[in-house]
Amino acid sequence: MPMIENRAGAAPGTGSRAAGGRGRLRAALSVATTALLTATALAALPQTAHAADTLGAAAAEKGRYFGAAVAANRLGEAQYVATLNTEFTSVTPENEMKWDALEPSRGSFSFGSADRIVNHAQSRGMDVRGHTLVWHSQLPGWVSGLGASDLRSAMNHHITQVMTHYKGKIHSWDVVNEAFQDGGSGARRSSPFQDKLGNGFIEEAFRTARAADPNAKLCYNDYNTDGVNAKSNAVYAMVRDFKSRGVPIDCVGFQSHFNPNSPVPSDYQANLQRFADLGVDVQITELDIEGSGTAQATDYGNVVRACLAVTRCTGITVWGIPDKYSWRASGTPLLFDDNYNKKPAYHAVLSALGGSSGGDPGGPGTPGAACTATYTTAEDWGGGYNGKVTITAGGSRISGWSVNVTLTAPQKVATVWNGTPTWDSSGNVMTVRSSWNGTLEAGASTSFGFTVNRNGGSTPPQVGACTAS
């Protein structure tokens, strides 16, 4: 302040000190401004994006949910719950919302087991798919014994009571399930509802459902409708008719249960798209694919890519978590083996969703780490052979690797060296992880080997992609 008052007649040296002070102030301001601009520039730089490393997170980045069918009596099992909570963003009660579970006797409802699933899902921020309101199967005996008038009343009462109980908690309802016959007729399936109420029961069920919960998505759900065929054509005609007349239908569910005798159809994506073009969402609601190893993984990846290619394919639900609890357990159709190890199919799904499991399939890896795996038969004799897999690091150093090796039964691995093996529940898929030889500089190689007893088999092993950390 004294410098400002003396600016007309300053004492000797006062002006220079003032100038120096202003200079220092300008310098300080300049440094501060530079720092601020630098910080702003750094904040504006694009941040490194790391691929999601769980199914639910990867699907969410694509605007989809990834769900699993859940059994209430498994929610006390630690590994089951941990896998559910980590990997999935949606649940479908496997049996707990079917008619025989919710209304075993007329007018008497039992919501306990279904509530347990819904409450768990809500506590984790997961969506819930309601499955299912009207279905010919898992009906209590009293329903089938009703006359037409009583059956209509019971159907509408059941829909209204169940949907009111869960109002605001359900993302999508399978309002009517499996109402069409298999085969080439495209006809409706015989059921108490069809036989006594006629074709109009589906429309009536959807209108009743809309009145009960206007905000839930209402779906028709069926199996063997995954490709263009007589059955899917009949469902397509019904949905087209409903949309043209304002019958409330929001989505169509495709169960997608596949096996070698009923593979993923070549027109799967085109079929999903034609339904979406009617103005409904499509959902893959009960996905499981029997098999193992590379073939199963390829099929799973193709299904996921088909969904991603259809804008209105809003999500995928696999019908269970570990193979041992699948309704088709002997076919090992799911993404996790009996011990909750991630199968090749899991990694194929995660990759198709744009995610990455990094190195060790059990955990995240190092961004940018990569490797390749090359198989050769080292020695061969009548009863068996020695296989060798060479691991080569990519363009950067890696600290670990893993590779899946799939054998065709009845061949079995007798010995493994220079790697640590684990097997899936079928005993045919071996995952080999690095032991002492996990660290490789860019471009460097190592190998592991194994002895196979043929047991009469001759098909060479299939070696999957190398995963690095």
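Scroll up to find the structure.
Residues numbered from 1 in each chain as written. Predicted model: local features only at pLDDT ≥ 70, side-chain atom pairs only at ≥ 80, totals over all residues. Heavy atoms only, no water.

## Notes on the state of the cysteines
And then number 1: The full count for this structure, using the stated rule, is three disulfides.
And then number 2: One disulfide in the model links Cys-307 with Cys-313; its S-S distance is 2.1 Å. A torsion of -105° about the S-S bond marks the disulfide between Cys-307 and Cys-313 as left-handed.
And then number 3: Since its relative accessible area comes to 0%, Cys-313 is described here as buried.
And then number 4: Here Cys-371 connects covalently by a disulfide to Cys-466, the sulfurs 2.0 Å from one another. Between Cys-371 and Cys-466 the disulfide shows an S-S torsion of about -95°. By sign, it is left-handed. Highlighted residues: Cys-371 in strand 10 (residues 371–381) and Cys-466 in the loop between strand 17 (462–463) and strand 18 (467–468), separated in sequence by 95 residues. Summarising the burial analysis for this pair, Cys-371 and Cys-466 share the class buried.
And then number 5: Each disulfide of the chain joins two cysteines, and with those cysteines numbered along the sequence the arrangement is 1-2, 3-4, 5-6. (Disulfide = S-S within 2.5 Å. Buried < 20%, exposed > 50% of the residue type's maximum accessible area, 1.4 Å probe, protein only. Helix = DSSP H or I, 4+ residues; strand = E, 2+ residues; numbered from the N terminus.)

## Describing the packing of aromatic side chains
And then number 1: The full count for this structure, using the stated rule, is 16 aromatic pairs.
And then number 2: A centroid spacing of 6.1 Å and a plane angle of 70° characterise the contact between Trp-99 and Trp-142, whose relative ring orientation is edge-to-face. Of this pair, Trp-99 sits in helix 5 (residues 99–102) while Trp-142 sits in helix 7 (residues 141–144), and the two are 43 residues apart along the sequence. Summarising the burial analysis for this pair, Trp-99 and Trp-142 share the class buried.
And then number 3: An aromatic cluster is built from Trp-99, Trp-142, Phe-193 and Phe-201, whose rings are joined through pairwise contacts.
And then number 4: For the cation-ring pair, Lys-231 lies above Tyr-223, with the distance from its terminal atom to the ring centre recorded as 3.6 Å. (Phe/Tyr/Trp six-rings, centres within 6.5 Å; stacked < 30°, edge-to-face > 60°. Lys NZ or Arg CZ within 6 Å of the ring centre and 35° of its normal.)

## Overview of the packing of helix 10 (residues 200–212) against helix 11 (residues 230–245)
And then number 1: Viewed as axis vectors pointing N to C, helix 10 and helix 11 meet at an angle of 50°, and their least axial separation amounts to 12 Å. As the angle between them shows, helix 10 and helix 11 are arranged oblique. The two elements helix 10 and helix 11 meet at a crossing, and its hand is right-handed. Here Ile-202, Glu-203, Phe-206 and Arg-207 of helix 10 lie close against helix 11, whose contacting residues are Met-238, Phe-242 and Arg-245.
And then number 2: Of the residues assigned to the contact of helix 10 with helix 11, the class counts are four nonpolar, no polar and three charged. (Axes fitted to C-alpha atoms, helices over the stretch in contact; angles between N-to-C directions. Parallel < 35°, antiparallel > 145°, perpendicular 65-115°, else oblique. Left-handed = near helix turned anticlockwise from the far one by under 90°. Contact = heavy atoms within 4.5 Å. Nonpolar A, V, L, I, M, F, W, Y, C, P; charged D, E, K, R; others polar.)

## Overview of helix 6 (residues 112–123)
And then number 1: Here helix 6 spans 16 Å end to end across 12 residues, near enough to the 16 Å set by a 1.5 Å rise per residue.
And then number 2: Along helix 6, the residues classified as buried are Ala-114, Ile-117, Val-118, His-120 and Ala-121. All buried residues of helix 6 project into a common sector of 160° when viewed along the axis, lining one side.
And then number 3: The elements touched by buried residues of helix 6 are strand 1 (65–70), helix 4 (78–87), strand 2 (90–93), helix 5 and strand 3 (127–135). (Expected span 1.5 Å × (residues − 1). Arc of directions from axis to C-beta.)

## Here's the deal with the packing of helix 8 (residues 148–165) against helix 10
Any two packed helices are characterised by the angle at which their axes cross and by the distance between the axes.
And then number 1: The N-to-C vectors of helix 8 and helix 10 enclose an angle of 35°; their axes lie 9 Å apart at closest approach. Helix 10 is crossed by helix 8, and the crossing has right-handed handedness. The residues of helix 10 that touch helix 8, namely those facing Arg-152, Met-155, Asn-156, Ile-159, Thr-160, Met-163 and Thr-164, are Phe-201, Glu-204, Ala-205, Thr-208, Ala-209 and Ala-212.
And then number 2: Taken together, the residues that form the contact of helix 8 with helix 10 break down as seven nonpolar, four polar and two charged.

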